[in-house]
Amino acid sequence: MSATVVTNSNDPRRPEKIHRYKLPTASASGGPTDDPIPDYMNVLSMFCSMFGLMMKLKWCAWVALYCSSISFANSRVNDDTKQILSSFMLSISAVVMSYLQNPQPMTLPGFS
């Protein structure tokens, strides 16, 4: 697919400087396309949501919701969507269950 460029005497574009975008290929050693942040946030979200459910900590459930939304926003198309959505739903259920068990407003740790 080569694009035909009509040259005009007043045209400032330079067709020899045009470079097509190529997707970077993933190397075996974990190159620049291997971004671990969505995976770390997904694990942290699951850990915080389980901790928020078990210990009834509202702030931990909110941290889990925040981490799962970061993981969802930074995920690629070919990532495992079931795991990301289950982490998101687990963090939402942690927030809902913590407020159902204790409807008082959240107090931050150290400010009680």
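All values derive from a computational prediction rather than experimental measurement.

About the cut-offs
Residues numbered from 1 in each chain as written. Predicted model: local features only at pLDDT ≥ 70, side-chain atom pairs only at ≥ 80, totals over all residues. Heavy atoms only, no water. Phe/Tyr/Trp six-rings, centres within 6.5 Å; stacked < 30°, edge-to-face > 60°. Helix = DSSP H or I, 4+ residues; strand = E, 2+ residues; numbered from the N terminus. Buried < 20%, exposed > 50% of the residue type's maximum accessible area, 1.4 Å probe, protein only. UniProt positions renumbered as here; feature names shortened; annotations may be inferred. Expected span 1.5 Å × (residues − 1). Arc of directions from axis to C-beta. Contact = heavy atoms within 4.5 Å.

Attention shifts here to the packing of aromatic side chains. Taken as a whole and judged by the stated rule, the model has three aromatic pairs. When the centroid spacing of 6.2 Å and the interplanar angle of 15° are considered together, the rings of Phe-47 and Phe-51 count as stacked. Taken together, the positions of Phe-47 and Phe-51, both in helix H1 (residues 37-55) and four residues apart, correspond to about one turn of that helix. Judged by its relative accessible area of 56%, Phe-47 falls in the exposed class. Note on Phe-51: relative accessible area 34%, which makes it partly exposed.

Mapped onto this structure's residue numbering, the UniProt feature "transmembrane region" (unreviewed entry) falls at residues 59-77 and 83-100. Taken end to end, residues 59-77 has its terminal C-alpha atoms 30 Å apart, with 84% of it in helix and 0% in strand. Across residues 83-100, helical content stands at 100% and strand content at 0%; the span's end C-alpha atoms are separated by 25 Å.

Right, let's get into helix H3 (residues 81-101). Compared with the 30 Å implied by 1.5 Å per residue over 21 residues, the 30 Å span of H3 between its first and last C-alpha is a close match. By the burial criterion, the buried members of H3 are Ile-84, Ser-87, Ser-91, Ala-94, Val-95 and Ser-98. Projected down its long axis, H3 shows its buried positions confined to an angular sector of 90°, all on one face. The exposed residues of H3 that point more than 90 degrees off its buried face are Lys-82, Met-89 and Leu-100.

Tracing the sequence through the fold places Pro-105 in the segment after H3. What makes Pro-105 exposed here is its relative accessible area of 69%. Separated by 47 residues in the primary sequence, Pro-105 and Lys-58 place their C-alpha atoms 9.1 Å from one another.

The end-to-end C-alpha distance of H1, which contains 19 residues, comes to 26 Å, matching closely the 27 Å that a straight helix rising 1.5 Å per residue would cover. Taken as a whole, H1 has its buried residues at Pro-38, Asn-42, Ser-45, Cys-48, Ser-49 and Gly-52. Each buried residue of H1 sits inside an arc of 140° when the element is viewed along its axis, so together they form one side. In H1, those exposed residues whose orientation departs by more than 90 degrees from the buried face are Tyr-40, Val-43, Phe-47 and Met-54. Where the residues of H1 are buried, they touch helix H2 (58-74) and H3. Positioned one or two residues after H1, Lys-56 has a phi angle of 60°, which is positive.

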